[in-house]
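Results of the structural survey
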Amino acid sequence: MVSLTIDGVSVQVPENTSVLEAARQANIKIPTLCYLKGVNAIGACRVCLVEIVGNAALQAACVLPVSEGMQVKTNTPRVQKARKLSLELLLSNHDRECLTCVRNRTCELQALAETFQVNEYKYEGAKIEKPLDLLSPSVVRNPNKCILCKRCVAVCRNIQKIGAISATQRGFATTIAPAFDKSLAEVPCINCGQCIAACPTGALSENSEIDNVWAALHDPSKHVVVQPAPAVRVAIGEEFGMPMGTRCTGKMAAAMRRMGFDKVFDTDFGADLTIMEEGYELLDRIQNGGVLPMITSCSPGWIKYCEHFYPEFLPNLSSCKSPHQMLGAIIKSYYAQKNGIDPKDIYTVSVMPCTAKKYEKLRDGEAGTGYPDVDAVLTTREFARMIKQANIDFVNLPDEDFDDVLGESTGAGVIFGATGGVMEAALRTVADVLTGKDLENIDYTDVRGIAGIKEASVNVAGMEIKVAIASSTGAAQKLLDAVKAGEKQYHFIEIMGCPGGCVNGGGQPIVPAEVRSVLDPRVERAKGLYSEDSDKKIRKSHENPSIQKLYAEFLEKPNSHKAHELLHTFYAA
Ligand code: HC0
Ligand code: SF4
């Protein structure tokens, strides 16, 4: 252990701890901007400067390791002045259109400028005026709001192991962009939006579909149907000041109704349906010598990653569409027929924690009825903006239920939103099918938790089923390399593109770096999902009565011809 003092407070921390982290442990707050816990520590922004007694130069606390006897001062006049100067310089060439910025009031630069009372623009430098990158269906890049903190570069390169963006050009012209200033749509960006979640300003944001959704809601000829993803219900509350992980399922359904959606269904139903299709696909592959390991296909960021970087694994991907696409196809077929509505008049909206879903809905093979399965995808953030635009008092809404029958779901569907959840849901069904019993022990805790890679071996009816789970494409890379090298063998692998799974998707409420230092959204939001699962009366997908009804009335059986037409897709090498 190393002993030091910070602002006169004695602190003991392990060797190699940064001064910033040591201060946090002593409950002393040092402001940061380019620092992002577990992602980026480069000492570039000069906001976390501190004074070290006996040292002439101020030091960046995020990259400075502690040393024995060190005396740190975090709040001297010199430090305050230097921090303010750093902010003034950042603002000198920043596009300061705060009022019209998507990050107005959630911008970390704006918050620091307020804290440090930067109440004039002291330095008016030349402005960066570059065109916006608007071509990606998922991510909008506005270089004029970029402060070169490189948090996005670090998450894309180090966590996702993609490196779609980096610093291009030099000096004043430095821009964070894909190589040769290409659009994100022209490089192997997987649309995961993790860069957006990491961005402290409005330099990266989702490609908004809010206007299209309002237009559909206001069009009397349209029958507008909405479905929220599992992970949205445990994150949307953050946009309204509720604690991270608060379960808002009922309020969310109520808000949707008040916004004017004609039907409020639930992607969790689609998740149950996916388990039926994917579970039977797995059993078929195991029993009839199909390609193994089978790998889940519900995370479009992961699918795009696989297509770009691991095409040799494409035959391993389940042919199942993702749950919201499946539900979209069912809404435009089964639901349309039952209710005498022409599918061309139905407009389906998915509310997702994910920016890649905006890309997924445009892929070939995602229009089971001849019409797009899903017409619009809103992120959790966009959905919250719409609730605010509609002046809905979200916090005080009553809890309401989803509409029958495509709103009925099980605990298995709910946990899809956390890493390991699809696997656990699948095991609950596969185990029952193989044993022919209604098994009681259905909490597969080995597959829970936020480790990037998890493994488990489950003995079902005398058969050893080996499974693995990866969340983040960086973790997927490691796992797939081990499978490729023959070091690991599995029957079934779940891969989610984002670290922690959908709860931590690129479309979720932005968690400021300061909060991320002390609270992990992957953990807090997942807790909400698992608690909703335990509270559900039915916790296995195949026991969902509405799923049973859908098969009896329409699809016949899992993997039937009709199910294939509507619910399955293909991939491009
Ligand atoms: Fe997910 Fe999904 S669980 S990808 O993480 O499978 O986005 O929440 O909606 O579709 O259900 C995201 C979350 C979903 C889908 C589901 C899957
Ligand atoms: Fe990288 Fe994902 Fe951002 Fe694309 S969306 S630039 S892959 S972090």
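Up top you'll find the structure we're talking about.
A quick note: this is a predicted structure, and the numbers were derived from the prediction, not measured.

1. Looking at the site of ligand 1
As a matter of local geometry, ligand 1 sits amid 17 residues, with Ala229, Ala231, Cys298, His324 and Cys502 nearest to it. Separating an oxygen atom of ligand 1 from a backbone N or O atom of Ala231 is a distance of 2.8 Å. At a separation of 3.1 Å, an oxygen atom of ligand 1 approaches a polar side-chain atom of Lys357. Because more than half of its atoms lie within 2 Å of the grid, ligand 1 is assigned to the largest cavity. Of all the secondary-structure elements, those providing two or more residues to the shell around ligand 1 are helix H8 (267-287) and helix H10 (323-339). Residues of the shell around ligand 1, tallied by class, amount to 12 nonpolar, four polar and one charged.

2. Here we look at the packing of helix H2 (residues 77-92) against helix H3 (residues 108-115)
Look at H2 against H3: their axes get within 10 Å of each other, and the N-to-C directions meet at 130°. The orientation of H2 relative to H3 falls into the category oblique. Crossing of H2 against H3: the hand is left-handed. Residues Leu87, Leu90 and Leu91 of H2 pack against Leu109, Leu112 and Ala113 of H3. Of the residues in the contact of H2 with H3, the class split is six nonpolar, no polar and no charged.

3. What about the sheet that holds strand E3 (residues 49-52)?
Hydrogen bonding along the main chain pairs the strands of a sheet, whether they run parallel or antiparallel. The sheet built from five strands is open, its strands ordered E2-E1-E5-E3-E4 with mixed pairing. The open sheet terminates on both sides in strands that have one partner only, identified here as strand E2 (9-13) and strand E4 (59-60). Across the sheet, H2 is in contact with E3 and strand E5 (71-73); its angle to E3 comes to roughly 155°.

4. Some words on empty space enclosed by the protein
The full count for this structure, using the stated rule, is six cavities of 30 Å³ or more. If you list the elements that add at least two residues to the lining of the largest cavity, you get H8, helix H9 (300-309) and H10. Residues of the lining of the largest cavity, tallied by class, amount to 16 nonpolar, 10 polar and one charged. Counted as a void, the second largest cavity has a volume near 120 Å³. In the lining of the second largest cavity, the residues fall into 13 nonpolar, two polar and three charged.

5. Considerations on the layout of surface pockets
For the largest pocket, the calculated volume is near 940 Å³. Arg103, Arg105, Thr106, Cys107 and Pro512 are, among the 36 residues lining the largest pocket, the residues nearest its centre. Contributions of two or more residues to the lining of the largest pocket are made by H3, helix H12 (380-389) and helix H16 (513-516). By volume, the second largest pocket is sized at about 520 Å³. Together, 20 residues line the second largest pocket, and Asp401, Phe402, Gly407, Ser409 and Lys536 are the ones closest to its centre. Sorting the residues of the lining of the second largest pocket by element identifies helix H7 (249-259) and helix H17 (521-535) as the ones contributing at least two each.

6. Points about the packing of aromatic side chains
Summed over the entire model, instances satisfying the criterion amount to seven aromatic pairs. Here the aromatic rings of Trp302 and Tyr305 are separated by 6.5 Å at their centres, their planes lie at 40°, and the arrangement is tilted. Note that Trp302 and Tyr305 are positioned in helix H9 at a spacing of three residues, about one turn of the helix. Like Tyr305, Trp302 is buried. When the centroid spacing of 6.2 Å and the interplanar angle of 55° are considered together, the rings of Tyr310 and Phe313 count as tilted. Each member of the pair, Tyr310 as well as Phe313, carries the same accessibility label: buried. A cation over a ring is seen here: Arg96 above Tyr121, with NZ or CZ 3.4 Å from the ring centre. Between Lys304 and the ring centre of Tyr359, over which it is positioned, the NZ or CZ distance is 5.6 Å.

7. Quick look at the packing of H8 against H10
Orientation of H8 relative to H10, taken along the N-to-C sense of each, is 100°, at an axis distance of 8 Å. When the interaxial angle is binned, H8 and H10 end up roughly perpendicular. Residue-level inspection shows Thr267, Phe269, Gly270, Ala271, Leu273, Thr274 and Glu277 of H8 in contact with H10, the latter providing Pro323, His324, Met326, Leu327 and Ile330. Considering only residue class, the contact of H8 with H10 consists of seven nonpolar, four polar and one charged.

8. Regarding the sheet that holds strand E11 (residues 263-264)
Pairing is parallel in the open sheet, where four strands are placed in the order E11-E10-E13-E14. Edge strands, defined here as strands with exactly one partner in the open sheet, are E11 and strand E14 (376-379). In terms of strand pairing, strand E10 (residues 223-228) meets strand E13 (residues 346-352) through six bridges, oriented parallel. Looking across to E13, one finds that Val226 is bridged to Val349. Packed on one face of the sheet, H10 meets E10, E11, E13 and E14 and runs near 155° to E13. Running over the sheet, H12 touches E13 and E14 and is turned about 85° from E14.

9. Quick look at the pattern of salt bridges
A complete count under the given rule lists 42 salt bridges for this structure. Put simply, Arg539 and Asp533 hold a salt bridge, and the shortest N to O gap is 2.9 Å. Take Asp533: its relative accessible area is 0%, and that puts it in the buried class. Sharing partners across several salt bridges, the network here consists of Glu424, Arg428, Asp443, Arg448, Asp533 and Arg539.

Cut-off values and rules
- Residues numbered from 1 in each chain as written.
- Chains lettered and ligands numbered in written order.
- Predicted model: local features only at pLDDT ≥ 70, side-chain atom pairs only at ≥ 80, totals over all residues.
- Heavy atoms only, no water.
- Near = heavy atom within 4 Å.
- Polar contact = N/O pair within 3.5 Å; in protein donor to acceptor, adjacent residues only side chain to side chain.
- 1 Å grid on protein atoms, 1.4 Å probe; cavity = no way out; pocket = protein on both sides within 12 Å on 5 of 7 lines; lining within 4 Å.
- Sits in = over half its atoms within 2 Å of the grid points.
- Helix = DSSP H or I, 4+ residues; strand = E, 2+ residues; numbered from the N terminus.
- Nonpolar A, V, L, I, M, F, W, Y, C, P; charged D, E, K, R; others polar.
- Axes fitted to C-alpha atoms, helices over the stretch in contact; angles between N-to-C directions.
- Parallel < 35°, antiparallel > 145°, perpendicular 65-115°, else oblique.
- Left-handed = near helix turned anticlockwise from the far one by under 90°.
- Contact = heavy atoms within 4.5 Å.
- Pairing = 2+ DSSP bridges.
- Points joined across faces, edges and corners; volume = space filled by probe spheres on them.
- Phe/Tyr/Trp six-rings, centres within 6.5 Å; stacked < 30°, edge-to-face > 60°.
- Buried < 20%, exposed > 50% of the residue type's maximum accessible area, 1.4 Å probe, protein only.
- Lys NZ or Arg CZ within 6 Å of the ring centre and 35° of its normal.
- Salt bridge = Lys/Arg side-chain N within 4 Å of Asp/Glu carboxyl O.

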